[in-house]
There are 2 protein chains.
Amino acid sequence: MKKLFGALLLCWGMQASAQKAHENLVQYVKPIIGTERMGHTYPGATVPFGMVQLSPETDTASYDLNGKYNPKVYEYCAGYQYEDKTIVGFSHTHFSGTGHSDLGDFLIMPTVGELKLNPGLADKPGSGYRSAFSHANEVSAANYYKVKLDASNITAELTTSTRVGFHQYTFPKSDQSHIILDLMAGIYNYPGKNVWTYVKIINDSTLVGYRSTNGWARTRNLYFAMKFSKPFIQHGFKKYDQREVYGGFWGKFNQSKNFPEIAGKQIRAYFDFKTEENEKIKVKFALSPVSMDGAMANMQAEVPGWDFDKVKNDGQAQWEKELDKITITGSVEKKQNFYTSMYHTMINPTIYMDADGQYKGLDQNIHKADGFTNYTTFSLWDTYRALHPLFNIIQPQRNADMVRSMLVHFDQSAEGMLPVWSNSANENWCMSGYHSVAVLADAVVKGNAPFDANKALDACVATARKRSYEGIGEYIDKGYVPDERSGTSVSNTLEYAYDDWAIAQMAKKLGKTDIYNEFIKRSENYKNVYDPKVGFMRPKKADGTFRAKFDPLSTINEGFIEGNSWNYTLFAPQDPQGLIKLMGGNQRFVRYLDSLFTMNLPDKYFAETEDITRDGIIGNYVHGNEPSHHVAYFYNWTDKPWKTQERIRMILPRMYKPTPDGLGGNDDTGQMSAWYIFSSIGFYPMAPGSVDYAIGSPSVNSAVVQVGNGKTFNITVKNQGDKNVYVQKITLNGKPLNGLNITHDQIMAGGDMVFYMSSKHK
Amino acid sequence: MKKLFGALLLCWGMQASAQKAHENLVQYVKPIIGTERMGHTYPGATVPFGMVQLSPETDTASYDLNGKYNPKVYEYCAGYQYEDKTIVGFSHTHFSGTGHSDLGDFLIMPTVGELKLNPGLADKPGSGYRSAFSHANEVSAANYYKVKLDASNITAELTTSTRVGFHQYTFPKSDQSHIILDLMAGIYNYPGKNVWTYVKIINDSTLVGYRSTNGWARTRNLYFAMKFSKPFIQHGFKKYDQREVYGGFWGKFNQSKNFPEIAGKQIRAYFDFKTEENEKIKVKFALSPVSMDGAMANMQAEVPGWDFDKVKNDGQAQWEKELDKITITGSVEKKQNFYTSMYHTMINPTIYMDADGQYKGLDQNIHKADGFTNYTTFSLWDTYRALHPLFNIIQPQRNADMVRSMLVHFDQSAEGMLPVWSNSANENWCMSGYHSVAVLADAVVKGNAPFDANKALDACVATARKRSYEGIGEYIDKGYVPDERSGTSVSNTLEYAYDDWAIAQMAKKLGKTDIYNEFIKRSENYKNVYDPKVGFMRPKKADGTFRAKFDPLSTINEGFIEGNSWNYTLFAPQDPQGLIKLMGGNQRFVRYLDSLFTMNLPDKYFAETEDITRDGIIGNYVHGNEPSHHVAYFYNWTDKPWKTQERIRMILPRMYKPTPDGLGGNDDTGQMSAWYIFSSIGFYPMAPGSVDYAIGSPSVNSAVVQVGNGKTFNITVKNQGDKNVYVQKITLNGKPLNGLNITHDQIMAGGDMVFYMSSKHK
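Residues numbered from 1 in each chain as written. Chains lettered and ligands numbered in written order. Predicted model: local features only at pLDDT ≥ 70, side-chain atom pairs only at ≥ 80, totals over all residues. Heavy atoms only, no water.

Draft legend 1. Main features of the overall build of chain A. Looking only at helices and strands, chain A has 20 helices and 37 strands in total. Its C-alpha atoms give chain A principal-axis dimensions of roughly 80 × 70 × 50 Å. In chain A, the proportion of contacts linking residues at least 24 apart, taken out of those at least 6 apart, comes to 70%. Carbon and sulfur atoms provide 50% of the accessible area of chain A, an area that totals close to 24800 Å². Here chain A holds 81 positive side-chain charges and 79 negative ones, and the gap between their average locations is 3 Å. (Helix = DSSP H or I, 4+ residues; strand = E, 2+ residues; numbered from the N terminus. Contact = heavy atoms within 4.5 Å. Areas by Shrake-Rupley, 256 points an atom, 1.4 Å probe, with all protein chains shown as cover. Lys, Arg positive; Asp, Glu negative; His and termini not counted. Charge placed at Lys NZ, Arg CZ, Asp CG, Glu CD.)

The structure is reproduced here in structure tokens:
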């Protein structure tokens, strides 16, 4: 019995904490990475996959005081730009690394002195409640953010639990201390986005409310409960709506001060305090997608007390546990890159249900999650590539719950489709393809399918047969999406073909031969948009001829999305041999790849390229967007596999730096970071839906991957060095590994993989 | 045992149906009464206290096609004006007899021929989906409405269950038959009132959706489920909103036809059919205040099948049972007046919860009604007077549930107050006083309090002590509401005093002496706004002097609401003797009353009087508004009680006629009708909160009141006649009744009351 007990101690958590004794990993997380320019990450506090993302807003691409629209809408997807000099406040929801904007709900700002309810302008100090700040007075860590607000001398500290944001404001002595709750604020908050907001004061330190918005999530409701650690002396609201027809009755009360409720489209609230020097006022702010009661219950369940440090430490312990899933050795810089990448892969998708399991469904009804955790924020065009495959290794349970979340989405979908880009009980149909099928297929093929796999296959098939969706009908009939049907007809054709291949793999695994045959045939469709005359994928018209106007370097109106033909022509990761043959064989294919990485892209084409910085492009290879994420690994299928190793080791340091401007493009809810994690430990899921990983060139000295059940997959890199990028030999559990491939089962079995590196290629 | 069983058969229901064998009462219900001009009733279908009120709209005081506002907003409170020549469609929610406008949710209209999605203008036939109709082709009965739509030759029939509207449309033969669902429509539907609407098509004959509005109910959500008896061939939406920022993604689908969902602020939907000559298409439309799932469950629970006649008959059987609570003998005209009055008293308040007991609370959370039926639509300034007292006799269970509904409202209130004028989980604070306390007191004092009476008292006291509400603080401090604090300071002072007296009665009944003393003292406050110099109640300033500007005939800016000083000076029904003394004694008081009924009111004052027709005024006595409803009974406290009898018999036929224009003012959710019922059977609750009823002069030949437990209170009128309006003698259970008073216990004990009438007064 004693022996058995000892063995039990060797379970996952124990091992992890045993190992943690070696080194604290949270110290390497720098959420500030990617906050400058195009990374679109945020520096604030969150726990892994947390429903609350509590972070400062430096701007929100909203309309300014004069009603003039801020054109930089796509720069403020996460509400924060590192170059900015002022902070507007701290809001509770943020996307991490997206290219589109929404959220930024419930902005809170502490101030002192004369009450200013308007945020004011960044270039006019004192014009509103906005405050200057300095990065010298800023701390951004996992689940902890701190900043000094110069306008008020208030120090703001933020931390979170899954569903609760916790603010700690250290005030100066003042008879006029305020905490503002701005329900008008929001990221990309164009007029009309707020369809309704509501606030109810419960007592002198507690309030609840909600916000209904029409944004990227078209029909969205988010509820809150808010508690102050100290009673406010008085409170007030200001309503900026146009007349209320029945507003006259409100004359019954003097509502200018201390009225207990308000509703409308444009509301700000304030709460007044007297503070002593260095007095701390704490605020707990819980969210719920279901109800105000739900928000209150979430607060009670997660943060019943007022211990800021406990909430911070609990959240950081969660991060420590998650970061520990892959540990590396290497330089501090590499650790910062690596663990911040790990951090960025575990923010989105986010948990989207109350502590009691209730959530708002896509059908706008309230549901109870039956035996799973419901997630939202599925940026699937990005994340099917490497993020979900990474989850299948280090977050198998969460990935299965994400699949379950997609399946209930399917059940609740008016269109009868799996998610494309879903958030907060809404589908926004963003980007091309139907890549949720690749996520489902990857989980099933890899054996991480503790859900109804046959139902999952049915959902994939129904989605892929939805004839009315962006040219699928024509794609089925003609084998490609005609140029006339879609502005991104070629991307769609290529991505549908890929997704169809994934469905076929899933069907094969489940023994559904008919489905396999149907979809493996469809997966060949990528060939139908290849024009051998020009050597590129090219928009094809309904009559079968290629469109005359064609510029393979342009991304504007050329039939592609977030990529040009040069990059997209390589989009057949499911069939490297077939693609190589199609493109003229090994030699021509290598030359094509080489050109991609080395050509000099004229500036005019760079200007067209969305969501990335100039550094996000290498030659004409666009790492800052996703369509080429597999491309560097293509050399493995040619006679020059060492070029994969060379390219990976070139991309890694150029595209990922441990600095605010360190990300060359949108992190895209963790896909860019997941690419980094895989590539830096030596392999990459070339085609999710298969069990294979293509081997590249690891940049770490060693890595330990927790693969579950207490097992580890240990990667050792011999003779590592910046110039030693070439893989001379690999052993797996002491035996030579033949070929440049490793399978999922080989990894998940645990074991030792040793890379022998050299400065010369074989 | 056999004998016992026989005794059980004598329970309420059995007795009722035994009696019903005599005569069908539903035949006398004419919902069309009051639909012309100021009655503000609606002619459509509903069951007693039904959540659905399915009725035609002839107009909705909305904006016209050119964006020009219809100034007749207060004429369309119920959506129907008898003089109108066209019908816009049939919507599912209506107030009955109110003076303010809201609701009119989910308008449905069947058409044939070219699809027109705009309602068009009444004076431009064919300009939209609106249709001409004729009263000759119209049937308006309890729970049944039928009309022929001239534009399409469609016959529309409507009936309901509590939560489901049932439409039956008989179409001509057409390849272009349509049913339009207009989510933009609504009563008093000013721009911005729709904050969000949503529709989801579930299959070719089923859809769900919701509508969120900002109207009289400021934050209101109503959900629906809709089923057609026949699949539609195709459907479509039209959205009239301004641009959606993220609308571009919707290009993924062709949404012009057959797209399964839509959301926005301004939406119309249509459903296309082919119909044979006389083909019936039926529509079931269920509501829920909670969710779309709730609406679907309500439909399934109440109307699982498609038998229109069954639903109609079931609803009419409900009416028959309710009408049977008081039966009368008299002329057909009197029966029409009487049973239509009975009908109008049993529409509002309305049930406001799903079949499973869930409802939306005032706090905007979802609650489950614990052992009671939750009601909404409390027009309490009107209904505390006679409607709730009537319920305490013939609807004791419902009245107790209404009190419970008010108590949960109190619990959920941000202000910590009982309802003033509440609807659909919202408080609109309309009118003066806090008369819910009179409803609670009346129930407690009369022993109909199967709820926590002490909690009810606490709620009353909390409400009455809410210093920040319309001058209550000053009222407590100074004994009156100062003119400076409220535009209706005198009405408020008088009504607060009345309500305080009611609280005192309740406290006395519950043995709370302190509360009794506090509030009986407050109830004397009415005397503080009486100016003996002019002999009228008059606005008093904070400094204790009366306001100089004063016109006792005017209702504009004189300190009163829906009444002038002449009428309001008599507002102390709780203390007739005190008032008579205050006003100079018996002789002067009689002269005052006589003048009120006989004076010639200059036209300019009539023009100021809200919500009533010219006929709604007798002299300067305004029966069409409520403040004087007790006034005719005041003669009982003078030496000329026969004048009460004379006035009542004058008012009854002048103010109530069985015609569309038969109501002299807003029915006010049944208060006007309740006055009719009481007065026509011979007594009236002068001061709810006491057990006493003042005796008037019955206009019926006899009446049988079901007082519960199988008992009846039988009223017989000997020597009845239009001129025999004077009561010579009354016996109760064979013994002379002394005085002009009868108590609640005397009525509820059952028994025989005989009036002996004469053409000469005593």
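Draft legend 2. Representation of the sheet that holds strand S30 (residues 683–684) of chain A in the model. On the basis of which strands lie adjacent, the open sheet formed by 3 strands has the order S30-S31-S36 (chain A) and antiparallel pairing. Edge positions in the open sheet fall to S30 and strand S36 (741–743) of chain A, since each of these has one partner strand only. (Pairing = 2+ DSSP bridges.)

Draft legend 3. Focus on the interface of chain A and chain B. The partner chain B presents 55 residues to the 56 residues of chain A that form the contact. Carbon and sulfur atoms supply 55% of the area buried between chain A and chain B, which totals about 4800 Å² over both sides. Scanning the region where chain A abuts chain B turns up 2 salt bridges. Linking Lys252(B) and Glu470(A) is a salt bridge whose minimum nitrogen-to-oxygen distance equals 2.9 Å. The interface formed by chain A and chain B contains 18 residue pairs in polar contact (both at pLDDT 80 or more). Counting only elements with at least two residues in the side of chain A that touches chain B, the list comes to strand S11 (194–203), strand S15 (261–264) and helix H3 (292–302) of chain A. Tallying contributions element by element places S11(A) first for the side of chain A that touches chain B, with 4 residues. Taken together, the residues of the side of chain A that touches chain B break down into 26 nonpolar, 16 polar and 14 charged. (Buried area = accessible area lost by both parts, 1.4 Å probe. Salt bridge = Lys/Arg side-chain N within 4 Å of Asp/Glu carboxyl O. Polar contact = N/O pair within 3.5 Å; in protein donor to acceptor, adjacent residues only side chain to side chain. Nonpolar A, V, L, I, M, F, W, Y, C, P; charged D, E, K, R; others polar.)

Draft legend 4. Local environment of the relation of the copies chain A and chain B. When chain A is brought onto chain B, the operation consists of a screw motion whose angular component is 180° and whose axial shift is 0.0 Å, with 0.0 Å RMSD remaining. With respect to symmetry, the two chain copies, as superposed, fit the operation of a two-fold axis. When C-alpha positions in chain A are compared against the rotation axis, the closest is assigned to Val195(A), at 2.7 Å. The fraction of interface residues of chain A whose copies in chain B are also interface residues reaches 98%, indicating that both copies meet through the same surface. (Least-squares fit on C-alpha atoms with pLDDT ≥ 70 in both.)

Draft legend 5. Summary view of the pattern of salt bridges. All names here are of chain A. Under the counting rule described, the total for this entry stands at 58 salt bridges over all chains. A salt bridge links Arg130 to Asp59; its shortest N-O distance comes to 3.8 Å. Pair noted here: Arg130 is in the loop between strand S4 (107–112) and strand S5 (131–132) and Asp59 is in the loop between strand S1 (55–57) and strand S2 (86–87), with a separation of 71 residues, a long-range link. Asp59 gets classed as buried once you look at its relative accessible area, which sits at 17%. (Buried < 20%, exposed > 50% of the residue type's maximum accessible area, 1.4 Å probe, protein only.)

Draft legend 6. Structural context of the packing of aromatic side chains. According to the stated counting rule, one finds 98 aromatic pairs over all chains in the structure shown. With a centroid separation of 5.6 Å and an interplanar angle of 40°, the aromatic rings of Tyr498(A) and Trp501(A) are classed as tilted. Remark: Trp501(A) and Tyr498(A) occur in helix H12 (residues 489–509); sequence separation between them is 3 residues, near one turn of the helix. Trp501(A) shares its class with Tyr498(A); the two are buried. Here the aromatic cluster, defined as three or more aromatic residues joined through ring pairs, consists of Tyr633(A), Tyr656(A), Trp675(A), Tyr676(A), Phe678(A), Phe683(A), Tyr684(A), Tyr693(A) and Phe713(A). In this structure, Arg268(A) packs its charged tip against the face of Tyr240(A), placed 4.8 Å from the ring centre. One cation-aromatic arrangement involves Lys312(B) over Tyr144(B); the distance from NZ or CZ to the ring centre is 4.1 Å. (Phe/Tyr/Trp six-rings, centres within 6.5 Å; stacked < 30°, edge-to-face > 60°. Lys NZ or Arg CZ within 6 Å of the ring centre and 35° of its normal.)

Draft legend 7. Looking closely at the pairing of S11(A). Residues and elements named next belong to chain A. In terms of residue burial, S11 counts as a mostly covered element, since 8 of its 10 residues are buried. Where S11 and strand S12 (residues 206–213) come together, 8 bridges link them in antiparallel fashion. Counted as the bridge partner of Val199 is Gly209 from S12. The pairing of S11 with S15 spans 4 bridges and is classified as antiparallel. Considered in S15, the bridge of Val199 is made with Ile262.

Draft legend 8. Local environment of the domain arrangement of chain A. Residue and element names in this part refer to chain A. We note that the domain assignment places domain 1 (30–320) and domain 2 (325–758) within chain A. Measuring from the centre of the C-alpha atoms in domain 1 to the corresponding centre in domain 2 gives 35 Å. Of the roughly 3700 Å² buried between domain 1 and domain 2 on both sides combined, carbon and sulfur atoms contribute 59%. Counting every contact that joins domain 1 to domain 2 gives 22 residue pairs in polar contact (both at pLDDT 80 or more). When residues of the side of domain 1 that touches domain 2 are traced back to their parent elements, those giving at least two are strand S13 (220–228), strand S17 (279–288) and H3. Looking at the side of domain 1 that touches domain 2 element by element, the count peaks at 3 residues for H3. Of the residues assigned to the side of domain 1 that touches domain 2, the class counts are 20 nonpolar, 20 polar and 6 charged. (Domains from an automatic or database assignment.)

Draft legend 9. Representation of the sheet that holds strand S30 (residues 683–684) of chain B. Overall, antiparallel pairing links the 3 strands, which are arranged S30-S31-S36 (chain B) in an open sheet. Both edges of this open sheet fall to S30 and strand S36 (741–743) of chain B, since each of them pairs with a single strand only.

Draft legend 10. Molecular detail of the packing of helix H7 (residues 387–394) of chain B against helix H8 (residues 396–412) of chain B. Residues and elements named next belong to chain B. With their axes 6 Å apart at the nearest point, H7 and H8 run at an angle of 130° to one another. Regarding the angle of H7 to H8, the classification is oblique. Seen from H7, the contacting residues are His388, Phe391, Asn392, Ile393 and Ile394; seen from H8, they are Pro396, Asn399, Met402 and Met406. (Axes fitted to C-alpha atoms, helices over the stretch in contact; angles between N-to-C directions. Parallel < 35°, antiparallel > 145°, perpendicular 65-115°, else oblique.)

Draft legend 11. Layout of the packing of helix H10 (residues 453–464) of chain A against H12(A). Residue and element names in this part refer to chain A. One way to put it is that H10 packs onto H12 with a least axis distance of 10 Å and a crossing angle of 155°. Between H10 and H12, the angle falls in the class roughly antiparallel. The two elements H10 and H12 meet at a crossing, and its hand is left-handed. Touching Ala453, Ala456, Leu457, Cys460, Val461 and Ala464 of H10 are Asp500, Ile503, Met506 and Ala507, all from H12. Residues that form the contact of H10 with H12 fall into these classes: 9 nonpolar, no polar and 1 charged. (Left-handed = near helix turned anticlockwise from the far one by under 90°.)

Draft legend 12. Quick peek at the side chain of Glu57(A). Mapped onto the secondary structure, Glu57(A) falls in strand S1. Excluding residues that lie within four positions of it along the chain, Glu57(A) makes contacts with Ala78(A), Gly79(A), Thr86(A), Ile87(A), Val88(A), Gly89(A), Ser91(A), His94(A), Gly104(A), Leu107(A) and Ile187(A).

Draft legend 13. Summary view of the pairing of S13(A). All names here are of chain A. Of all the 9 residues making up S13, 8 are buried; the element is thus mostly covered by neighbouring parts of the structure. Across 8 bridges, S12 lies against S13 in antiparallel orientation. Looking at the pairing, Arg211 lines up with Leu222 of S13. Counted between consecutive antiparallel strands, the loop separating S12 from S13 contains 6 residues.

Draft legend 14. Structural detail: the environment of Ser679(B). Residues and elements named next belong to chain B. Among the structural elements, Ser679 can be located in helix H19 (residues 671–681). For Ser679, a relative accessible area of 0% puts it in the buried group. With 603 residues separating them in the primary sequence, Ser679 and Tyr76 have C-alpha atoms 29 Å apart. Ser679 has contacts with Tyr633, Ile648, Leu652, Tyr684, Ser697 and Pro698, leaving out every residue within four places of it along the chain.

Draft legend 15. Region of the structure containing helix H16 (residues 586–598) of chain B. Residues and elements named next belong to chain B. Taking 1.5 Å of rise per residue, 13 residues should cover 18 Å, and H16 covers 18 Å from first to last C-alpha, within 8% of that figure. Of all the positions in H16, only Phe589, Val590, Tyr592, Leu593, Asp594, Leu596 and Phe597 are classed as buried. Here the buried face of H16 lies against strand S27 (536–537), helix H14 (565–568), helix H15 (576–582), strand S28 (617–618), strand S29 (621–622) and helix H18 (642–655). (Expected span 1.5 Å × (residues − 1).)

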